[in-house]
Amino acid sequence: MFRTASNVIINGGTFTEHHQHNQGIPSSVRAIDRLIEAASLAALHNSGERFDPPKCHPNTRTAVLKTLMDWFIGVFGWDNFVLWLYGPAGAGKSAIAQTFAELCAAKNHLLASFFFSRSDLRRNNVKALVATLAYQLWLHIPESRPIIEAAVDNNPGIFQLDFNTQFRTLFVDPLLQLSSIGRFTFGTPFPSLIIIDGLDECNGADFQNTILNTISNALQRHRSALPFRFLVASRPEYHLTTSFSVTPLQTLTFRLALDDTYQPHKDIRLYLKDSFRDIRETHIMRDHLPDSWPSLEDLFKLVEKSSGQFIYAATVIRYVSSPRHNPLDRLKVIQGLLPVKDDRPYAQLDALYINILSEVEDVKTVLRILGITVVLPGNPYHSSGQVEFSDLEKFMQLTPGIVQLLLIDLLSVVDVSYNSIPIKFHHASFSDFLFDPTRSGQFFIDPSKIHEEAAHFCISAIESLDTATPLPYLAYESLLIHLRFAGPLHGNATLREKIFNVPYIQHWATYMLTSAHENIDDLEYLSHDPGKFLEFLQTSEFSQTEELYLHHRGILDRKLRNDLELIPMSPCLAFWSAICAGGILESIGDIPFKTFWELSNSLSDDLSASVPHFLFSPLFDQLEARIGLAHSGWYDIFNITGTPYLRIVREFLNDPSRAGPHAVDQPMYTTAAVAAVESAVMAWDGTLDLSPDSSTGNMWDIIWDALAFMLSKAGYSAELVNMLGEQDLTFNLGKPGTNVRHRIQTLFGAVRGYLLKFNGSTPSPFKIIIDGTPHPSDYFDHWVKAEDLDDNWNTWGVFYVDESILSSDGG
């Protein structure tokens, strides 16, 4: 004790000798202390620091948990040493891993676990992983203790060495030594499951790959000696997907994706249903919460908004269940029925999105891509209805392949797996976040600016007219939407000039020809014809759009005049022009193309020889150029009425300054009336369906209205006077579909009025015979009074009406 001292004088006292370097305390204690100090016990599945970790709600994720257990007990084969559980952010991977860890721990199957966490300095890096696994090996297999302690004592600096050295020295070598003495032979129970959760939350992609490569190499080299199984849970980050796709890990791994295969919507619905029940039963306001709250519709919408990701549902429940607030009001905030005040209903979800976007390198370009993806319409040419990467790149004029490259850091919230599929948002709420400045902050996407940018892309697509891609569809379908939300044009000279020069009307015809040639059934999507474009320019809330409207209307006017000049002036042209100018089709209601086509083909030869179909829809002349429309299912359902195009053509035909010699005036109405009456008094050939409930039933509505209207507009015609003045004037007409009494009264009044105006009198007695039989007949059945006529009147054969038809107000 005092061997180095001299001249020491001691007077009394009690002395105790202490050995240097804690001699007398076993070296094993020192080793385990160092091991525990290097480990992160907070990463264990049963750590006190992870109090109340996320777990699967009772009776949910049962199919996933069963698959995990089947893998563990060898149902899928013993060569799958690794199971990769992957899914987007918020899919519930950690809850599943935690629940499975607890199930296996209860059966003494769990050897070790490590739950990474990006926000925990002791759990967001690779430094403590091996020490934590080695500590649990030391804890659960006592025979390993002297081996691990010796490894620590023999190399006190082991915890400062690289991951591969640590893993081999403190984990693999002890297991190999135990294996060599038969510890893991068949029939000897031992825990064999190792769970690593949240691998993507370990700092550094290189470290994540190192962990996987080190584990897979050890399992590959020592397959028979190491009968252990690794469950690895993570997001499907690109580098991790790559690692799991190459040998040896590829051959060792069973993949389990958290996708729709496992029906997460059903589990989320159950979770929400049970959680709201708990709120109704336990909340301080429970006496004021109806048993029917929330409604089934409310639950359905919440499930849909969850997009299969539990984090959204959990965030909603956490917000609504706050003991200091009214649950009814809080759910209304979630539904957008009440404004958000100072609270943040989606705080957890927003933190997740912000964290993910913070890792993006070129975030400005990424946000542009995401914004355009959200505001573009669906694509009918793709089964999912969305826009493929390659088409999106062409639309945005980006380098091919750049979208996948730029979005590679967003795989946890968007799916960009393959270039031939559309971008898919894993979270429906992600777009809400991006377009809400109070939530997204620096990552906010301004809707007006992204719509303005999309409008520029649409105009470029219309200019280039690349019909080999869906770009024309994207442009024509969405341009007006983008312009509507882009903001006033008067403050945007560049966009205004582009709209002025866009060849919308000129290129639309070419676009239609290509679309019709590819698949006519797709044409039911094509609602944005030139009429919609002109109507938008005329009626939009933008300032100073009259110049734009008149410019593009002039382009359409020139096209109509050029098309009309190709048709010789004839009774046929007069008849159909009068139909359009009088707004006859607009007053009827829904008229499918089939009705129009049958009407065209069933009239006399003079009226069907050259029908100016382009007056009724800009589709007609395009379709006739390529296809047999009558064989399309679309032919029966697509309407020519209810479009602004008809109104624009009507205004054109009634304005001589626009239509020139093609304007419809009284002489043209007179010619049209002669043609209409000639057609109506001709006997049908018996092939036409005269029943009003036939597929072309409203064809008769058109004929009845056209006859009466044209007579009211016509001037003097000796031919008309002679035809209408016949003693037994007979119209061969089928029954109108609606307003039977009114239409008969109107036609009788028009004929009578014309004769009185231009002949000075009517035959005495004056009557009109209606022959609605399929075959001509000289016999007429009976006289019909106004009160006999209604839409349900079924006695439709050969009958006559006289002056008394006008004496009743029954119309």
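No experiment lies behind these values; they were computed from the predicted model shown.

Draft legend 1. Quick peek at the overall build of the chain. Check the secondary structure of the chain and you find 37 helices and 11 strands. When the accessible surface of the chain is totalled, it reaches about 37100 Å², and 50% of it is carbon and sulfur.

Draft legend 2. Looking closely at unusual backbone geometry. Cis geometry is found at the peptide bond from T247 to P248, where omega equals 5°. Tracing the sequence through the fold places P248 in the loop between α8 (238–243) and α9 (249–252). In this model, S764 is joined to P765 through a cis peptide bond whose omega is -10°. Tracing the chain through its elements places P765 in the loop between α37 (740–758) and β9 (767–771). In the Ramachandran plot, N108 falls in the positive-phi region, its phi being about 60° despite a non-glycine side chain. With respect to the secondary-structure elements, N108 resides in the loop between α3 (93–106) and β2 (110–115). Note on N108: relative accessible area 46%, which makes it partly exposed.

Draft legend 3. The sheet that holds strand β1 (residues 82–86), seen in detail. Taken in spatial order, the five strands line up as β2-β3-β4-β1-β5 in an open sheet, and their pairing is parallel. The strands lining the two open edges of the sheet, one partner per strand, are β2 and β5 (253–257). Looking at each pair of strands side by side, their axes are set apart by 15° on average, direction ignored. The sheet strands contacting helix α4 (residues 129–140) are β2 and β3 (193–197), and the helix crosses β2 at an angle near 155°.

Draft legend 4. Up close: the sheet that holds β9. Ordered in space as β8-β9-β11-β10, the four strands form an open sheet in which the pairing is mixed. This sheet does not close on itself; its edge strands, each paired only once, are β8 (730–731) and β10 (782–783). Here β9 runs beside strand β11 (residues 798–802); their pairing, made up of five bridges, is antiparallel. Residue pairing in the sheet places I770 in a bridge with F799 of β11.

Draft legend 5. The arrangement of the layout of surface pockets in detail. Roughly 1500 Å³ of internal volume is contained in the largest pocket. Sorting the residues of the lining of the largest pocket by element identifies α3, β4 (229–234), α10 (264–282), α12 (310–320) and α14 (347–358) as the ones contributing at least two each. Ranked by residues supplied to the lining of the largest pocket, first place goes to α12 with five residues. In this structure, the second largest pocket spans a volume of roughly 890 Å³. P88, D415, S417, K424 and H426 are the residues nearest the centre of the second largest pocket, which is lined by 33 residues in total. Split into classes, the residues belonging to the lining of the second largest pocket amount to 17 nonpolar, nine polar and seven charged.

Draft legend 6. A look at helix α13 (residues 327–334). For α13, the set of buried residues is P327, R330, L331, V333 and I334. Within α13, the buried residues cover an arc of 150° as seen down the axis, which keeps them to one side. Regarding α13, its N-cap is N326, as a side-chain oxygen of that residue lies 2.9 Å from the backbone nitrogen of L328 further along. Within two residues after α13, G336 carries a phi angle of roughly 80°, on the positive side.

Draft legend 7. Geometry of a nonpolar patch on the surface. A grouping of I73, V75 and F76 is seen on the molecular surface, where their side chains present a nonpolar patch of about 260 Å² in accessible area. Here I73 shows up in the loop between α2 (62–72) and β1. Look at I73 and you get partly exposed, because its relative accessible area is 48%.

Draft legend 8. Here's a closer look at the pattern of salt bridges. As enumerated under the stated definition, the model contains 28 salt bridges in all. Its salt-bridge partner being R277, residue D274 comes within 3.3 Å of it at the nearest N-O pair. With D274 and R277 both in helix α10, this residue pair falls three residues apart, about one helical turn. What makes R277 partly exposed here is its relative accessible area of 36%. K785 is the partner of E787 in a salt bridge, and the nearest nitrogen-oxygen pair spans 3.9 Å. Salt bridges here are not isolated pairs; linked through shared partners, they connect R118, D200, E201 and R235.

Draft legend 9. Summary view of the packing of α4 against helix α6 (residues 163–180). Interhelical geometry of α4 versus α6 gives an angle of 10° and a closest axis separation of 9 Å. In terms of axis orientation, α4 runs roughly parallel to α6. Residues L129, V130, L133, A134 and L137 of α4 touch α6, and the partners they reach there are F163, Q166, F167, L170, F171, P174 and L175. Looking at the contact of α4 with α6 residue by residue, the class counts come to 11 nonpolar, one polar and no charged.

Draft legend 10. Region of interest: the packing of aromatic side chains. This structure, assessed with the given rule, holds 28 aromatic pairs. Pairing Y476 with Y504 gives two aromatic rings, centres 4.7 Å apart and planes at 75°, and the pair type is edge-to-face. Of this pair, Y476 sits in helix α21 (residues 471–486) while Y504 is found in helix α23 (residues 504–518), placing the two residues 28 residues apart along the sequence. For the pair formed by Y476 and Y504, the shared burial category is buried. For the pair W576 and F616, a centre-to-centre distance of 5.6 Å together with 90° between the ring planes defines the contact as edge-to-face. Taken together, the residues W576 in helix α26 (residues 571–581) and F616 in the loop between α29 (605–608) and α30 (619–624) connect sequence positions 40 residues apart. Through successive ring pairs, a cluster of aromatic residues spans Y353, F425, F430 and F433. Just above the ring of F115 sits the side chain of R50; from NZ or CZ to the centre is 4.1 Å. Directly above the aromatic system of W138 lies the positively charged group of R145, at a separation of 4.4 Å from the ring centroid.

Draft legend 11. Seen up close, the nonpolar core. Membership of the largest hydrophobic core comes to 169 residues, with the highest contact counts inside it found for L370 and F731. When residues of this core are assigned to their parent elements, the largest contribution, 10 residues, is made by helix α35 (residues 699–713). Leaving out residues up to four positions away in the same chain, L370 has contacts with L407, L410, V414, F425, F430, L434 and I445. In terms of nonpolar packing, the next biggest core, distinct from the first, is built from 58 residues, A38, L137, F163 and F190 among them.

Draft legend 12. Structural detail: helix α25 (residues 546–565). Given a rise of 1.5 Å per residue, 20 residues ought to cover 28 Å, and the 28 Å separating the end C-alpha atoms of α25 matches this to within 8%. Along α25, the residues classified as buried are L548, Y549, H552, R553, G554, I555, L556, D557, L560, D563 and L564.

Draft legend 13. Fine view of a negative patch on the surface. A surface patch of like charges, here negative, comprises E359, E361, D362 and D409. Tracing the chain through its elements places D362 in the loop between α14 and α15 (363–375).

Draft legend 14. Summary view of the pairing of β1. Of all the five residues making up β1, five are buried; the element is thus mostly covered by neighbouring parts of the structure. Side chains V82, W84 and Y86 project from β1 onto one buried face, and the interleaved L83 and L85 project onto a second face that is buried too. Strand direction decides the pairing type here: β1 and β4, joined by five bridges, are parallel. Its bridge partner lying in β4, V82 is registered against F230. Two elements, β1 and β5, share five bridges in a ladder whose sense is parallel. Bridging from a neighbouring strand, L85 pairs with L256 of β5.

Draft legend 15. The confidence of the model for the chain, seen in detail. Summary statistics for the chain give a mean pLDDT of 86 and a share of 86% for residues scoring 70 or more. Across residues 379–385, confidence stays below pLDDT 50; counting only partners more than four residues off in sequence or on other chains, it has 17 contacts.

How each quantity is defined
Numbers given to residues run from 1 along each chain, matching the order in which its sequence is written. Residues qualify for local features only when their pLDDT is at least 70, as the model is predicted, and side-chain atom pairs are given and counted only at 80 or more; totals for whole chains, interfaces and linings, by contrast, use all residues. Heavy atoms throughout the structure, all of them, feed into the side-chain values; hydrogens and water do not. Helix and strand definitions here come from DSSP, where helices need a minimum of 4 consecutive H or I residues and strands a minimum of 2 consecutive E residues; each element is numbered from the N-terminal end. With residues, only the protein chains shown are counted as cover, and all accessible areas are computed by Shrake-Rupley using a 1.4 Å probe. Partly exposed describes any residue whose relative accessible area lies between the buried limit of under 20% and the exposed limit of over 50%, with all areas from a 1.4 Å probe on protein chains only and scaled to the type maximum. In short, DSSP must find at least two bridges between two strands for them to pair. Throughout, an axis means a line fitted to C-alpha atoms (over the contacting stretch in the case of helices), and angles, computed between N-to-C directions, take values from 0 to 180 degrees. Should any heavy atoms of two residues lie within 4.5 Å, those residues are considered in contact. The method works on a 1 Å grid over the protein atoms by themselves. A cavity is a set of points holding a 1.4 Å probe that cannot get out, a pocket is an open set with protein on both sides within 12 Å along at least five of seven lines, and residues with an atom within 4 Å of a point line them. Grid points are joined across faces, edges and corners, and a volume is the space filled by probe spheres set on the points. Under the convention adopted here, Pro, Cys and the residues Ala, Val, Leu, Ile, Met, Phe, Trp and Tyr are nonpolar, Asp, Glu, Lys and Arg are charged, and Gly plus all remaining residues are polar. What the arc describes is the spread of directions from the helix axis to the C-beta atoms. Think of a polar contact as two N or O atoms within 3.5 Å of one another; within protein, one of them needs to be a possible hydrogen donor and the other a possible acceptor, and neighboring residues in sequence only count if both atoms come from side chains. Each patch is built from residues lacking any salt bridge and having more than 30% relative accessible area; the joining distance is 9 Å for like charges and 5 Å for nonpolar side chains (Val, Leu, Ile, Met, Phe, Trp, Tyr). Here, a salt bridge means any Lys or Arg side-chain nitrogen found within 4 Å of an Asp or Glu carboxyl oxygen. An angle counts as roughly parallel when it lies under 35 degrees, as roughly antiparallel when it exceeds 145, as roughly perpendicular when it falls between 65 and 115, and as oblique in every other case. Paired rings are identified among Phe, Tyr and Trp, the last through its six-membered ring, by centres lying within 6.5 Å, and are further divided according to the angle between planes into stacked (under 30 degrees), edge-to-face (over 60) and tilted (the rest). Our definition puts a charge over a ring when NZ of Lys or CZ of Arg is within 6 Å of the ring centre and also within 35 degrees of the ring normal. Nonpolar core, defined: a set of buried Ala, Val, Leu, Ile, Met, Phe, Trp, Tyr and Cys residues in which side-chain atoms within 4.5 Å join the residues together. An expected span of 1.5 Å times one less than the residue number is assigned to each helix. A residue counts as positive if it is Lys or Arg and as negative if it is Asp or Glu; His and the chain ends are not included. By convention, charge coordinates are those of NZ in Lys, CZ in Arg, CG in Asp, or CD in Glu. pLDDT gives the predictor's per-residue confidence on a scale running from 0 to 100.

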